[in-house]
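# Remarks on the overall topology
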Amino acid sequence: MGLPLPPKASPLLSVSLFSVTILLGSFPFAATAADYTTLVFKGCADQKFQDPSGVYSQNLKNLMSNLVSQSSQKSFSNTTSGQDPNAITGLYQCRGDLTTSQCSSCVGKIPDISDKLCGKTIAARIQLSGCYLRYEIVGFKQVSDTQFLYKVCGSSQSQASGTGREFEGRRDAAFNMAEDGVKSGSSLFYTGDYQSVYVLGQCEGDMATNECGDCVKTAFQTAKDDCGDSISAQIYLQKCYISYSYYPNGVPTVSSSSGTGTKQHTQKTVAIAVGGVAALGFIVVCLMFLKSVLKKRSGKHEGY
Ligand SMILES: *[C@@H]1O[C@H](CO)[C@@H](O)[C@H](O)[C@H]1NC(C)=O
C-alpha cells in the first residue's frame, strides 16, 4: 500500500520478525461449542503507538467496538477508524460453524485480550479457536495472503495405530475434499471427515472462493512439509487456516467430543512478521526466506 505513514510513527517503524516456539498441552481439534474462546496465538507488532494526543488509542477503541458490534450480525467484517494519517484498519473473522451469538461473544473477548497481551501496538492479531481479529495502522506493510503465521503439529503417526501409507492416503483425500469444499461452497468454510480424518478449512471473508481454495491448498502443503506425519495439525496463514486430526477410532461427533480427547504434547510455532514501510519489503522477503529455511531445518530435529 502506498499510503503515507504517520510522521510520528515513522522513526520507530522498522522491520521486526520474531519467532517463538512453545510447548503446551493440546486442545481438542474437532471444534466444540465450548472451546471457541480458547487463545490459540497472539501476534503483536513490537512498536507501540506514538500517541501523545491519544488519537490512536481512541481510534483503536472505536475500531474494536465497531467490530464487536458488527459481530452480532455477520461472521466477517472489515472496517477503518479515524482519519489519515492516524487511521487504523481492522477486521474479524468467525469460524463458519459458530452461531451469530457465539461469534459475537468470541469477538467480544478480543479487545481485552489484545489490550492485555499486546497493549497499544501498531498492529496485532489475536487468534482464538472460534474467531480472530487483526488490526493495523493504515500504511502498515502488507504481507501475502498465504504468509505463514503459526502452526501446531500433533504427535507423529508412528505412535498411532495404522500404517503410514494408509494414513497419508486418507489425509490427502480429506485435504482434497476440503479444498473442493471451500471452492464450491459460498461460506469460505468447510469441515468434514474422510475415513477417520477430520478436516477443517476457513478463509477470511473477503476472499474469492478460488483464492480461498489456493490459500487452504498452501496451508495443507505447509502441514505436510512442516508437520510430516503428525496425526493432527493446525496451520495458520495470513488469510486462511486449516486443521486436521486423525481419530483411529472414528471422528467424535461435535456434541460429544468435549473433554474426551487424549492429552498429547504438541509443538507450536509462531512466526509473525510485522513491519514498516513498503520500501523495506524486499528485506522482509529476504528475512522470511532465511527464517523459513532455518525453521525447516530446525523443525526436522524437534518435536518427535
Ligand atoms: C480492509 O479492506 C481494505 C480495502 O479492501 C484494505 O485496504 C484493508 O487492508 C483491510 N483491512 C485489513 C485489516 O485487512
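Predicted model only: the values in this text are computed from it and were never measured.

Conventions adopted
- Residues numbered from 1 in each chain as written.
- Predicted model: local features only at pLDDT ≥ 70, side-chain atom pairs only at ≥ 80, totals over all residues.
- Heavy atoms only, no water.
- Salt bridge = Lys/Arg side-chain N within 4 Å of Asp/Glu carboxyl O.
- Buried < 20%, exposed > 50% of the residue type's maximum accessible area, 1.4 Å probe, protein only.
- Helix = DSSP H or I, 4+ residues; strand = E, 2+ residues; numbered from the N terminus.
- Expected span 1.5 Å × (residues − 1).
- Contact = heavy atoms within 4.5 Å.
- Near = heavy atom within 4 Å.
- Polar contact = N/O pair within 3.5 Å; in protein donor to acceptor, adjacent residues only side chain to side chain.
- Nonpolar A, V, L, I, M, F, W, Y, C, P; charged D, E, K, R; others polar.
- Pairing = 2+ DSSP bridges.

### Things to note about the pattern of salt bridges
Evaluation of the coordinates by the stated rule reveals 10 salt bridges. Its salt-bridge partner being lysine 120, residue aspartate 115 comes within 3.0 Å of it at the nearest N-O pair. Since its relative accessible area comes to 33%, lysine 120 is described here as partly exposed. Salt-bridge contacts for lysine 239 lead to aspartate 206; the nearest nitrogen and oxygen are separated by 3.2 Å. Of this pair, lysine 239 sits in the loop between strand S10 (232-237) and strand S11 (240-246) while aspartate 206 sits in the loop between strand S9 (197-203) and helix H4 (209-227), and the two are 33 residues apart along the sequence. Residue classification places lysine 239 among the buried positions, given a relative accessible area of 12%. Residues joined in a network through salt bridges with shared partners are Arg134, Glu136, Glu204, Asp206 and Lys239.

### Concerning helix H3 (residues 164-184)
For an α-helix the count is 3.6 residues per turn, leaving residues at separations of three or four pointing the same way. Between its first and last C-alpha, H3 extends 30 Å over 21 residues, near the 30 Å set by a 1.5 Å rise per residue. Residues of H3 that are buried: Phe167, Arg170, Arg171, Ala174, Phe175, Ala178, Glu179, Gly181 and Val182. Tucked inside the fold, the buried residues of H3 contact strand S8 (189-194), S9, H4 and S11.

### Quick word on the site of the ligand
Asn78, Thr89, Gly90, Leu91 and Arg134 make up every residue found near the ligand. A distance of 2.3 Å separates an oxygen atom of the ligand from a polar side-chain atom of asparagine 78. Here an oxygen atom of the ligand and a side-chain polar atom of arginine 134 are 3.4 Å apart. Residue contributions to the shell around the ligand peak at three residues, all from strand S4 (residues 88-94). Tallied by class, the residues present in the shell around the ligand amount to one nonpolar, three polar and one charged.

### A word on the pairing of strand S3 (residues 76-81)
Pairing of S3 with S4, which is carried by six bridges, proceeds in the antiparallel orientation. Considered in S4, the bridge of threonine 79 is made with glycine 90. A loop of six residues connects S3 with S4, the two strands running antiparallel in sequence, and glycine 82 in this loop sits at a positive phi of about 90°.

### Concerning the pairing of strand S6 (residues 131-137)
Of all seven residues making up S6, seven are buried, and the element is well covered by its neighbours. The side-chain alternation of S6 yields two buried faces, one formed by Cys131, Leu133, Tyr135 and Ile137 and the other by Tyr132, Arg134 and Glu136. As paired elements, S4 and S6 share seven bridges and run antiparallel to each other. Looking at the pairing, glycine 90 lines up with tyrosine 135 of S6. Bridge count between strand S5 (residues 123-128) and S6: five bridges; the pairing is antiparallel. By the bridge assignment, arginine 125 is partnered in S6 with arginine 134. Taking the residues between adjacent antiparallel strands as the criterion, S5 and S6 are bridged by two residues.

### Details of H4
End to end, H4 covers 26 Å across 19 residues, agreeing with the expected 27 Å (1.5 Å per residue, within 8%). Within H4, the full set of buried residues consists of Cys212, Gly213, Cys215, Val216, Ala219, Phe220, Thr222, Ala223, Asp226 and Cys227. Taken from the residues just after H4, glycine 228 is the one with a positive phi, measuring 55°.

### Concerning unusual backbone geometry
Outside of glycine, negative phi angles account for most residues, and trans bonds account for most peptide bonds. The omega angle of the peptide bond from aspartate 84 to proline 85 is 5°, so this bond is cis rather than trans. Its location among the elements puts proline 85 in the loop between S3 and S4.

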